[in-house]
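Here's the letter readout for the chains.
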Amino acid sequence: MEQGGKVIELGCGTGVPGMVMRQIGANVVLTEQPDLVPLLDHNLEKNFAGDKLIKAAELSWAEDKAIKLSQTDGPFDIILSADCIFPPVYGDSWIPLAHTIHALLREKPTSVALVSVQRRNGDKMEQFHELIGSKQNPNLSSSLVQKEGVIEIHEIKVG
């Protein structure tokens, strides 16, 4: 990624991966459910006071909301999602996550999504990949790019 590239982190929690991306020069939007955005704002104030190239934004996963955010703050070069797929904790939120990633990739077909997961029983990663591949764009591909023990990083892109 070039200096100043745009990164969005989906379901970022405290925002650490996105904050690291800011440290290496990216323009970053950290997204989370509305009730967690104040925590993100606090973390940004403590760690990036006055930095206008990183911000927190509300995003409940859905295609229309992702497109709207992309049109105001994107489009994004890199889409990050870290440990957001585990139905025993997060229910079926992996379904709107897949739709959100797909919408963001459509907004900028040269972008790439990096989805990291801790593999566990019942994680539904296979179903996530099937859903990604079944969306309207038949050119989406998903591949495992890194594996360390139970931690995997999957790349999703057009082409």
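What you see is a predicted model; the values in this text were computed from it and never measured.

Definitions and limits used
Within each chain, residue numbers correspond to sequence positions counted from 1 in written order. This being a predicted model, a pLDDT of at least 70 is required before a residue's local features are given, and a value of 80 or more before pairs of side-chain atoms are given or counted; all residues contribute to the totals for chains, interfaces and linings. Calculated side-chain values reflect all of the structure's heavy atoms, with hydrogen atoms and water omitted. Only DSSP runs of H or I with at least four residues qualify as helices, and only runs of E with at least two residues qualify as strands; both kinds are numbered from the N terminus onward. Think of it in three bands: with a 1.4 Å probe and only protein chains considered, a residue is buried below 20% of the maximum accessible area for its type, exposed above 50%, and partly exposed in between. Between two residues, a contact is recorded if the distance between any of their heavy atoms is within 4.5 Å. By this definition, two strands are paired if DSSP reports at least two bridges between them. A pocket here means an open set of points on a 1 Å grid, computed over the protein atoms alone, that has protein on both sides within 12 Å along at least five of seven lines. A cavity is instead a set of points where a 1.4 Å probe fits but cannot get out; residues with an atom within 4 Å of a point line either one. Grid points are joined across faces, edges and corners, and a volume is the space filled by probe spheres set on the points. Residues are grouped as follows: Ala, Val, Leu, Ile, Met, Phe, Trp, Tyr, Cys and Pro are nonpolar; Asp, Glu, Lys and Arg are charged; all remaining types, including Gly, are polar.

In this fold, Lys 108 is placed in the loop between α5 (94-107) and β5 (112-118). Judged by its relative accessible area of 22%, Lys 108 falls in the partly exposed class. Through-space distance from the C-alpha of Lys 108 to that of Val 158 is 9.3 Å; in sequence the pair is 50 residues apart. With sequence-adjacent residues up to four places away left out, Lys 108 is seen in contact with Pro 75, Phe 76 and Asp 77.

As judged from the five bridges shared by strand β4 (residues 78-82) and β5, these two strands associate in the parallel manner. In the sheet register, Ile 79 faces β5, and the bridge partner there is Ala 113. Pairing between β5 and strand β7 (residues 151-158): seven bridges, direction antiparallel. Bridge assignment links Val 117 to a residue of β7, and that residue is Glu 152.

The subject of this paragraph is the layout of surface pockets. Within this model, the largest pocket holds a volume of roughly 190 Å³. Lining the largest pocket are Gly 11, Glu 32, Gln 33, Leu 59, Trp 61, Ala 82, Asp 83, Cys 84, Tyr 90 and Ser 93. Of the residues belonging to the lining of the largest pocket, the class tally is five nonpolar, three polar and two charged.

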